[in-house]
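# Observations on chain architecture
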Amino acid sequence: MANAKSKEQVVNPIGASFTRNDVYEKVTGSAVYADDIQFGNKLLYARAKRSPYPHALIKKIDISKAEALPGVKVVVTGKDFPNRIGLYLQDKTIFATDRVRFIGEPVAAVAAISEEVAMKAVELIEVEYEELEAVFDAEFGASDKAPLIHPDLDKYVCPNFIFPKAGTNIANHFKIRKGDVSSAWDKCAYVVERSFKIPHIQHVPIETHIAIAQMDEKGKVTVWASSQSPFAQRNLIAHALHISQSDLRVIAPLVGGGFGSKAGVTMEAIPVALATKCKGWPVKFLLTREEEFYTNFVRQGLTIHVKVGCDKEGNLLALKNMMYWDGGASTEYGTNVTRAGGYSSSGPYDIPNVETDSICVYTNHPIGGAYRGFGMSELHTGLDQAIDELAEKAGVDKVTFLKKNGVAEGDVLVTGMIMHKNGIQECIDNVAKSLKMNEKEKPSSPDRLRGKGIAAMWKAPAMPPNPGSSAWVEMSEDGNVTVGLGGQEIGQGTFTVMAQMAAAALGVPYEKVRIAGPVDTQYSPYEWQTVASRLTWSMGNAVVLAAKDARRQILETVAEAWKESTDDLDIINGVVVSYKSERETSLENIVIYGMPKENNEGWTGGPIVGRGSFMPKYVTNLDAETGQGPRAVVHYTVGCEGLDIEIDKNTGTIYVLKGAASFDVGKAINPALVKAQVEGGFAQGLSSAMFEEIKLVKGVMTNPSFVDYRIATAPDMDFPLDTPFVEVPQDDGPWGARGVGEHPMVPTIAALGNAIYDATGIRLTNPPYSAEKIYLAMLDKGLVK
Amino acid sequence: MTLKTITLTVNDLVETVDVPQNMTLLQMIREKLSLTGTKNGCAAGECGACTVLMNGEPVNSCMVLAAECEGANIVTVEGLAKAGKLSTLQDTIIEAGGVQCGFCTPGMLISATALLKRNPNPTDSEIRSAIVGNLCRCTGYVRIVDAIKMAAK
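The structure contained in this document is the topic of the report that follows. This is a predicted model, so every value here is computed, not measured.

## Here's the deal with the interface of chain B and chain A
Contacts between the two partners involve 39 residues from chain B, matched on the other side by 49 residues from chain A. For the pairing of chain B and chain A, the buried interface totals around 3,500 Å² over both sides, and the portion due to carbon and sulfur atoms is 58%. A salt bridge links Arg-30 of chain B to Asp-36 of chain A; its shortest N-O distance comes to 2.8 Å. For the interface between chain B and chain A, the tally reads 23 residue pairs in polar contact (both at pLDDT 80 or more). Looking at the side of chain B that touches chain A, the elements with two or more residues in it are α2 (88-96), α3 (105-118), α4 (124-130) and α5 (142-152) of chain B. Broken down by element, the side of chain B that touches chain A gets its largest block of residues, 4 residues, from α4 of chain B.

Structural data, given as structure tokens:
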């Protein structure tokens, strides 16, 4: 027994920074992404005919010349696909039918034997339009002066927590009425009122959207897509095309960056529509980089008017938020962004009186969808800068102000939900300490100004009340474990974290666990979507349940064979041990073949298959007029970020000296992966803060390339970034874990805005805070000549 | 479209390929040679995902015509590992945790390989300049730079 395998030193899979289980393929070039799959010489190439107008009626479409072009296999228009689809509000069709609502909206599509022929055919499609007055501003769009973009809004289907206003451009109006804001202002010693305009930005995955679709002769459809939502796509596309969900198979290989853009259904439906008209032929549709910038989801713009007040000691008393979201031509997903912005509109602060109107407005801009932490970066950009200003007015140092008002266990939130235990105080302390927030430090040269900024944040998974996860666990003769799951590996490392959890729950070493990929709706278990930072928590719970189910089956098998009780058995390091008899058996073979009973009484057990299913059941709807209800969300992840910067007085250029970010992750299942998420999210947040804006002029994006739409490069990130995390466990999270994938980009714009203010005394309301904008503001203020 | 027959070396193997005059090196690598490790991110020479070594220098393969590659020596990400062993950079990027979605990784590895060949001991800012043309949206470049530093040691 001394050398028994069960006694070998083994790393606890929980809390260990294991190497990612997809990394060897990714560094050798053998990892398979959708565009790497080979389809042979029957492959057809799709291109879309797109609207050149922001708002127009379609009078006539003539596809005859395109159809006659040699090499063209099929041309489709909206008339064959009239069904409306949408994740929350069903306001979208695959192609525009009677009118176009943004520049780039697909009106027709072609499948041809080559890209060149498909592009030529698209040019031969003739569309006659009658231009209509367009809406380019959300506040104007919400007024009764604006032309209607969706006159049929009253006929659209949506769940009972979305509130469209028929006869207007308002697709959702979410309200919070907590306490009594109007009488609270009198009790405030200090009040700040500010407006911010946060521009549209793009997710910019390095892999653009791609989907390949094929319908077989019997009418079954297979889709290969770079996707965060294979199951949602199966459901929505099947609905749009009137085919059964089980006749639509979505295979989702590795994703080359998602950030929300590859959630729900966007361009994936186009090759499917084409494939239905040319059975037996695979049709590939790959977006160009220009198309990626504005024809698919973007992060919608926000105009936010914040009024916030506190008493003499700096205790927050009242908040009024007026938010106009520029939802774009379709708000099928955006209506829920607006909702999230509303029910989290206090930020991570305890405020007794809150009034919020979060209004989602149709405009003739690109379609707003989910973008990493949706609604929260936009909200916090306004709120946390207003709070920074209020702290200064109240004469309370900023760190103390945030801590004094930070949300605590038992606080009644804006929705009436009671806050759970959380580590916001530690997160703020970590950032304050890392950046020495209490010290004013000198710039490195007389040509530079120096400043520090801090901002706190929170975010809940934004989703319907009942998004489900499921998983299975199987084993092979060698005792290795295969986990089946439906959540996607989009770079965040979820396959690795799930393997760690399965290993820990079963009692086997991490190295023995494999993930059954790629996700394939034909055999992978159901998962709602890879969004909302929900997988570690939700899919993690399903995987743990499946692993425990497999473990139970193994122990019952061994108990019966050995005539012992399962209470005396355990699985340690992949070996079943009995504490009573001190017998041992490895998992090899018994997990497939079972075990012989003693005294030649036959066999017990058989192939082990564990199953797990998880769905939150306690989330309630909120009152339409007040936004009040017992439990708005599953939980909140809180955190804080800060920046120590210098600004060049001659150019306005920002030099980051140091960054700090601290989030309460509940439990870091894989600390290195947590830190990698925080680093990448911080960079994406900083990039959006300094550089990024979809420049829209009358509905036209004027900068749809990497030359004109700059994202952060390696030299831009040349500074130390401190990322200590906090672990206050989540009551229903696996080992206490909750998500952190989106959160690191949420407070970054506000933290930078606050640092710029500290350096210059200038409050730049509208990001991006470019060198040019800073320089001109300094000139204006007389800081430079 | 007229075809041109070219002979070139790709990952130490001599290849003779018929290419249309307008085919890019990227298309030839992916479609004619089925080496799909090299990625297409913009087809405009702006993102660096398609970086390969051409006669030892990193190039955006989407901006090079295949027809111009007669006699060229090309190395793609598939050519970095030798005799069943990963290159030092492949090892260090795994160790440092510099891979997330993995789509920029092949181009990033090629640019870094070229850097270390011409400058075995680069400074931090030399590393960052060498990969300025390789966009990454996931990592913030933190662990990619760490990996290159580790490989230089």
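## Here's the deal with the sheet that holds strand β21 (residues 569-572) of chain A
Residue and element names in this part refer to chain A. The strand order across the open sheet built from 3 strands is β21-β22-β23, with neighbouring strands paired in antiparallel fashion. Strand pairing shows two members of the sheet lacking a second neighbour, β21 and β23 (584-586), which therefore form its edges. Across the sheet, the axes of successive neighbouring strands diverge by a mean angle of 20°, strand direction being ignored. Pairing analysis gives 4 bridges linking β21 to strand β22 (residues 575-578), with the strands arranged antiparallel.

## Quick look at the side chain of Thr-24 of chain B
Residue and element names in this part refer to chain B. The topology assignment puts Thr-24 in the loop between β2 (13-20) and α1 (25-32). Owing to a relative accessible area of 15%, Thr-24 belongs among the buried residues under this scheme. The contacts of Thr-24, once residues within four sequence positions are left out, are Ser-61, Cys-62, Val-64, Leu-65 and Ala-66.

## Notes on the sheet that holds strand β26 (residues 609-614) of chain A
Residue and element names in this part refer to chain A. Taken together, the 4 strands give an open sheet; going across it, the order is β19-β18-β17-β26, and neighbouring strands pair in mixed fashion. The open sheet is flanked by β19 (513-515) and β26, the only strands paired with a single partner. Adjacent strand axes in the sheet meet at a mean angle of 20°, parallel and antiparallel pairs treated alike. In terms of strand pairing, strand β18 (residues 481-485) meets β19 through 3 bridges, oriented parallel. The residue bridging Val-483 from the neighbouring strand is Ile-515, located in β19. In the packing of helix α13 (residues 494-506) onto the sheet, the strands contacted are β17 (469-475), β18 and β19, and the crossing angle to β19 comes to about 140°. Helix α14 (residues 535-562) rests against β17, β18 and β26 of the sheet, and its axis sits at about 150° to β26.

## Comments concerning the packing of aromatic side chains
Residues and elements named next belong to chain A. As enumerated under the stated definition, the model contains 16 aromatic pairs over all chains in all. Note on Tyr-53 and Tyr-129: the rings are 5.2 Å apart at their centroids and 70° apart in plane angle, and the pair reads as edge-to-face. A residue pair is termed long-range when its members are at least 10 positions apart, and Tyr-53 in the loop between β1 (44-50) and β2 (56-62) and Tyr-129 in strand β6 (residues 126-131) qualify at 76 residues. Of the residues examined, Tyr-53 reaches a relative accessible area of 30% and is grouped as partly exposed. Through pairs of rings, three or more aromatic residues link up here, namely Tyr-88, Phe-161, Phe-297, Tyr-333 and Phe-374. Of note, Arg-299 hangs over the ring of Tyr-371, and the distance from its end group to the ring centre comes to 5.5 Å.

Rules used throughout
- Positions within a chain are numbered from 1, following the residues in the order the chain's sequence is written.
- Going through the entries in the order they are written, you letter the chains from A and number the ligands from 1.
- Local features in a predicted model are, by the rule used here, given only for residues with pLDDT of at least 70; side-chain atom pairs are given and counted only at 80 or more, and totals for whole chains, interfaces and linings are based on all residues.
- Excluding hydrogens and water, the side-chain values take into account all heavy atoms of the structure.
- Residue contacts are defined here by distance: any two heavy atoms, one from each residue, within 4.5 Å place the two residues in contact.
- What counts as buried area is the accessible surface, traced by a 1.4 Å probe, that two parts surrender upon association, with contributions from both included.
- A pair is scored as a salt bridge if a Lys or Arg side-chain nitrogen falls within 4 Å of a carboxyl oxygen belonging to Asp or Glu.
- What qualifies as a polar contact is a pair of N or O atoms within 3.5 Å, subject to a donor-acceptor requirement within protein and to the restriction that residues adjacent in sequence count only when both atoms come from side chains.
- Helix numbers and strand numbers start at the N terminus; a helix is a DSSP run of H or I with at least 4 residues, a strand a run of E with at least 2.
- Two strands qualify as a pair provided DSSP detects at least 2 bridges between them.
- Note on geometry: axes are lines fitted to C-alpha atoms, helical ones only across the stretch in contact, with angles between N-to-C directions running from 0 to 180 degrees.
- The buried label goes to any residue with under 20% of its type's maximum accessible area, the exposed label to any with over 50%, and the partly exposed label to all in between, with areas taken from a 1.4 Å probe on protein chains only.
- Note on ring pairs: Phe, Tyr and Trp rings are taken, using the six-membered ring of Trp, and paired if centres are within 6.5 Å. Classes follow the plane angle, with under 30 degrees stacked, over 60 edge-to-face and the rest tilted.
- In this analysis the charged atom, NZ for Lys or CZ for Arg, is taken to sit over a ring once it is within 6 Å of the ring centre and within 35 degrees of the ring normal.

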